[in-house]
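# Close look at the chain arrangement
Residue strings, one per chain:
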Amino acid sequence: MHRVTDRALVADVARVVGDGREARWIVEHAAATGLDAAGARQLAVRRAAGEPLQYVLGTWPFRTLELVVDRRALVPRPETEAVVGVALDRARALGRPCRVTADLGTGTGAIALSLAVEAGRGHPDLEVWATDRSAAALELAGENLARLAATDPGAAGRVHLAAGSWYDALPDRLAGTLDLIVSNPPYVAEEELPGLDPEVREWEPHQALVAPRGRSGVGGTADIEAVLSDAPRWLAPGGVVVVELAPPQAYAAVDAARRAGLSGVTVERDLAGRLRMVVARR
Ligand SMILES: C[S@@+](CC[C@H](N)C(=O)[O-])C[C@H]1O[C@@H](n2cnc3c(N)ncnc32)[C@H](O)[C@@H]1O
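Report follows, based on the coordinates.

About the thresholds
Residues numbered from 1 in each chain as written. Predicted model: local features only at pLDDT ≥ 70, side-chain atom pairs only at ≥ 80, totals over all residues. Heavy atoms only, no water. Near = heavy atom within 4 Å. Polar contact = N/O pair within 3.5 Å; in protein donor to acceptor, adjacent residues only side chain to side chain. Nonpolar A, V, L, I, M, F, W, Y, C, P; charged D, E, K, R; others polar. Axes fitted to C-alpha atoms, helices over the stretch in contact; angles between N-to-C directions. Helix = DSSP H or I, 4+ residues; strand = E, 2+ residues; numbered from the N terminus. Parallel < 35°, antiparallel > 145°, perpendicular 65-115°, else oblique. Left-handed = near helix turned anticlockwise from the far one by under 90°. Contact = heavy atoms within 4.5 Å. Core = buried A, V, L, I, M, F, W, Y, C linked by side-chain atoms within 4.5 Å. Buried < 20%, exposed > 50% of the residue type's maximum accessible area, 1.4 Å probe, protein only. Pairing = 2+ DSSP bridges.

## Focus: the site of the ligand
As a structural note, the neighbourhood of the ligand is formed by 18 residues, with G105, D132, W166, N184 and A208 the closest of them. The contact in question runs from a nitrogen atom of the ligand to an N or O atom on the backbone of T106, over 3.4 Å. Measuring from a nitrogen atom of the ligand, one finds a backbone N or O atom of W166 at 2.9 Å. Counted by class, the shell around the ligand contains 7 nonpolar, 9 polar and 2 charged residues.

## A look at the packing of helix α5 (residues 78-92) against helix α6 (residues 110-118)
Where α5 meets α6, the closest approach of the two axes is 11 Å, and the angle between their N-to-C directions is 40°. Viewed along their axes, α5 and α6 adopt a mutual orientation that is oblique. α5 and α6 meet at a crossing whose hand is right-handed. Two secondary-structure elements touch here, α5 through T80, V84 and L88 and α6 through I111, S114, L115 and E118. Taken together, the residues of the contact of α5 with α6 sort by class into 4 nonpolar, 2 polar and 1 charged.

## Concerning the nonpolar core
In terms of nonpolar packing, the biggest core is built from 37 residues, with L180 and V242 touching the most fellow members. Tallying contributions element by element places α6 first for this core, with 7 residues. Other than its neighbours up to four places away in sequence, L180 contacts A87, A91, C98, V100, T101, A102, L115, V240 and V242. Judged by nonpolar contacts, the second largest core, of 33 residues, contains A102, L104, L170 and L275.

## So, the pairing of strand β6 (residues 178-183)
Counted residue by residue, β6 has 6 buried out of 6 residues, so it is predominantly covered. Direction of pairing for strand β3 (residues 100-104) relative to β6: parallel, over a ladder of 4 bridges. Each bridged residue has a counterpart across the sheet, and for T101 the counterpart in β6 is L180. One ladder, built from 5 bridges, connects β6 with strand β9 (residues 235-244); its direction is parallel. Looking at the pairing, I181 lines up with V241 of β9.

So, in structure tokens, the structure goes:
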């Protein structure tokens, strides 16, 4: 972080955005990226218009990464950092090296690139597949992959980007070979959309947020069910699937995992203690 030297500018920006801490971040970011006071004020005006701070700043931390974020994809959330933490623990507990993994619905690439860096340590043969149905999201993931290539070419070289709906994006040869599937699919119920914070509802892509009701009848679970129901065909024996969800969806997801024939089905909590992911194995 750069030291804030221009207190007057911070005060000026704080008046625009109405928040002293955000003002310091904006001014520090402007200084770090070579913007002058006018540039910092432009960022402040965007923030004051309701744009998420992460999009205004243009990059946001996720675990070990600093990701480019913009309207092409969802802003990666701290809950998802916890999902990656559980996935890495399960990968270590496989009893064999984790060789092939997929992040379905990769958005910025947050999960896939984290797996490539963190699961890839000491495992140069690891293959990471990052998929999305959104061409715009995949383009952004590609930009984040290029940034990673500049600092960690080994990790970046493990990542394959692939377009398509859920497992359709993967080459057939991967069927029955995945050691780890991780997904943070859309899981906001359609009826919840109008009540979402306007910062989310008006700025983040709806196809990244909202999913139809699933077979369970629980709102927003259709994509969670889609990822779980085909997991057995793509997982290697003993392979693990980890899917993010909202707390009220946990039991519907457990049912979907069991119906799919997966075993060892558990629900894990995020750092705030909320039920946040279903974990199961083939
Ligand atoms: C909740 S966002 C998660 C993004 C990223 N993994 C993260 O955690 O920040 C869901 C992602 O799934 C993608 N998606 C939605 N429907 C999809 C589908 N049928 N197949 C593949 N990806 C899909 C969206 O484009 C979006 O990028």
